[in-house]
Amino acid sequence: MLPETGEQVCRSYYRATTHDEMMALLRCYHARADATFGVMGRLTDFMSAWLTDSIASFEFTGNDEAAARSKRYHAFVRDNDLVLTHALIDPQTDRSKVDAPDEAVRLVERRGDGIVVRGARLLSTLAPVSDEVYIGPFMPRRPDEQDKCLIFGLPMNAPGLKIVCREGYDHGRSRTDRPLSSRFDEGDAILIFDDVFVPDDRVIVAGDVEVYNSLLPNFPGYVMLQAVTRSAAKLRLLTGIAALAAKATGRDKMARYQEMLGEMTTLVHIGEGLQQATALEILAQVSAQRDGKPMWTSDRPGEPATFPKVGNASIVTFFPNASRTCLDHLRMISGSGALIYSERDYEQPEIRGLIDRYVKGAAMDAHERLKVMKLVWDITGEQFGARQALYERYYSGDPIKNAAGYFLSPKLAEAEAMARRLRVDAA
Ligand SMILES: Cc1cc2nc3c(=O)[nH]c(=O)nc-3n(C[C@H](O)[C@H](O)[C@H](O)COP(=O)(O)OP(=O)(O)OC[C@H]3O[C@@H](n4cnc5c(N)ncnc54)[C@H](O)[C@@H]3O)c2cc1C
């Protein structure tokens, strides 16, 4: 409830700063991710967290105008309960170059009442059902790329904005045959801005490299909490499907597959623990920023020298790897069982009795087995499942570049210093 107006708004916009508030926010993300089985990663709660982070980041860096504009946009989408998509990535013209391609969205005209932008952005998940799009930063821009330093919001029906969607994955099959594709396809699109006017009240940054580049490094991390919570829900889903598949095949009674299910369960435990750790990380960051420090560091014995970057690190490596492991185990547990006839075939009177007799599961009848195996196939073999797997790997950009980015982390130097201490002591 908004203290100013008493109006009910979605909690995902909440700027939690105390432990109790953070746990309430975590429960909100958890409820949303659980209701959508972790397979809808870019629902509006991703962007509400991003906008909350933006306000905190710009306030911390003293970019008052950008903070005020972010606040206004945050309140606008929150109070109108808008569905917001986002496109942070430049077209994939030539990824061997680090500079922004000519095709990227850029500023072509400043007017008294706003700006005109031209170019393309990707990948806008949820675009087909969104009210507004947010364009913002991902990687830092170079000093001579001012024209590509843009942060703004825009209605999806703005004149000149073309929404070029990928094909849909719901081909009208039944809920039994495609339990996920038929209900949870978010849609993805490339957005082309063919000289689009952005009114001044939707502009947050236009042409200021320093302000643009300051945004992401100073996020307290609300968006990470949303991401980690959604990713943990996805691991729960994969583990749950594997448990059902093991009951269908009888592999739940075999030590080898019990080990796989056990490993998947440990990954769920770790994923859920990372939710708690990320919540604590944000609180630490919020308090460090209150004290005017970008990130908490410690020289107290028994504590790490630099605060762990748990939210980002888990998104960059833990969840993509855990997701791959879970998918692989799921495939092994299901085996050829996932290659199964359709619900319509099952309903044919001349074969239904035979299927009921010959194709039953170890701990379930043939109809139940069909439903379980269709779920397995939708997440491992269908277009929907292939996109989900790509999504987990590319959630936060090129996974190889992201991991290599940690090569520069002070944590690596801290670890090296520890090993060096041992070497010197041993000498
Ligand atoms: C299914 C799916 C859904 C997605 N949904 C969304 C979405 O809704 N919104 C969204 O914004 N993205 C979305 N993405 C994109 C995702 O966030 C990844 O960032 C993207 O896939 C990165 O892969 P890439 O190969 O395009 O580029 P990368 O190589 O990771 O590049 C990403 C961006 O960083 C820039 N860049 C890379 N390296 C440097 C460097 N050294 N210096 C400066 N700039 C650099 C690139 O120009 C580009 O703009 C989605 C991806 C998938 C697979």
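These numbers come from a predicted model, not from an experiment.

Between its terminal C-alpha atoms helix α3 (residues 64-79) stretches 22 Å, which fits the 22 Å expected from 16 residues at 1.5 Å a residue. Within α3, the full set of buried residues consists of Ala 66, Ala 67, Arg 69, Ser 70, Tyr 73, His 74, Val 77 and Arg 78. The buried side chains of α3 occupy one side of the element, clustering within an arc of 165° when seen end-on. Opposite the buried face of α3, by more than 90 degrees, sit the exposed residues Asp 64 and Glu 65. Of the surrounding secondary structure, the elements contacted by the buried residues of α3 are α2 (44-60), β1 (84-87), β4 (132-135), β5 (150-155), β8 (203-206) and α4 (209-214). Just past α3, the residue Asp 81 takes up positive phi, approximately 50°.

The domain boundaries assigned to the protein chain delineate domain 1 (84-215) and domain 2 (220-396). If you look at the interface, domain 1 gives nine residues, while domain 2 gives 11 residues. Tallied by class, the residues present in the side of domain 1 that touches domain 2 amount to three nonpolar, three polar and three charged.

Our next topic: the pairing of strand β3 (residues 114-121). In this sheet, β3 lies alongside strand β2 (residues 106-111) in antiparallel orientation, the contact comprising five bridges. Among the inter-strand pairings, Leu 107 is bridged to a residue of β3, identified as Val 117. Linking β2 to β3, which pair antiparallel, is a turn of two residues. With seven bridges connecting them, β3 and strand β7 (residues 189-199) associate as antiparallel partners. Of the residues in β7, the one forming a bridge with Gly 119 is Phe 193.

For the rest of this paragraph, the subject is the sheet that holds β1. Taken together, the four strands give an open sheet; going across it, the order is β1-β4-β5-β8, and neighbouring strands pair in mixed fashion. Looking at the sheet topology across the chains shown, the edges are occupied by β1 and β8. With direction set aside, neighbouring strand axes in the sheet form an average angle of 25°. Inspection of the sheet shows β4 paired to β5 by four bridges, in the antiparallel sense. Paired with Val 133 across the strands is Leu 154, a residue of β5. In this fold α3 packs onto β1, β4, β5 and β8, with an angle of close to 145° to the strand it touches most, β8.

Our focus in this paragraph is the nonpolar core. Formed by 100 residues in total, the largest nonpolar core has its most connected members in Leu 150, Val 205, Leu 225, Ile 241, Ala 245 and Val 376. With 17 residues, helix α5 (residues 222-249) is the single largest residue contributor to this core. The residues contacting Val 205, other than those within four sequence positions of it, are Ala 66, Cys 149, Leu 150, Ile 151, Val 211 and Tyr 212.

Position of Val 77 among the secondary structure elements: in helix α3. For Val 77, a count of 21 C-beta atoms within 10 Å translates into the label buried. With 320 residues separating them in the primary sequence, Val 77 and Gly 397 have C-alpha atoms 26 Å apart. In contact with Val 77, other than residues within four places in its own chain, are Leu 82, Leu 84 and Glu 132.

Cut-offs used in this document
Here the residue numbering is sequential within each chain, running from 1 through the sequence in written order. Local features in this predicted model are restricted to residues whose pLDDT is 70 or higher, and side-chain atom pairs enter the listing and the counts only when it is 80 or higher, whereas totals over whole chains, interfaces and linings include all residues. Numbering goes from the N terminus for both helices and strands, where a helix is a DSSP run of H or I of at least four residues and a strand is a run of E of at least two. Every helix has an expected span of 1.5 Å times one less than the residues it contains. Burial is judged by counting other C-beta atoms within 10 Å of a residue's own C-beta: 20 or more means buried, 12 or fewer means exposed, and anything between counts as partly exposed, with every C-beta placed from the backbone. Of all possible arcs, the one meant is that of the directions from the helix axis to the C-beta atoms. It is the C-beta atoms, placed from the backbone, that decide contacts: two residues are in contact if theirs lie within 7 Å. An automatic or database domain assignment provides the domain bounds reported here. Only Asp, Glu, Lys and Arg are considered charged, only Ala, Val, Leu, Ile, Met, Phe, Trp, Tyr, Cys and Pro nonpolar, and every remaining residue, Gly among them, polar. Any two strands with at least two DSSP bridges between them are considered paired. Interaxial angles span 0 to 180 degrees and are taken between N-to-C directions of axes, which are lines fitted to C-alpha atoms, for helices over the stretch in contact. What we call a nonpolar core is a set of buried Ala, Val, Leu, Ile, Met, Phe, Trp, Tyr and Cys residues whose membership is set by joining through C-beta atoms within 7 Å.

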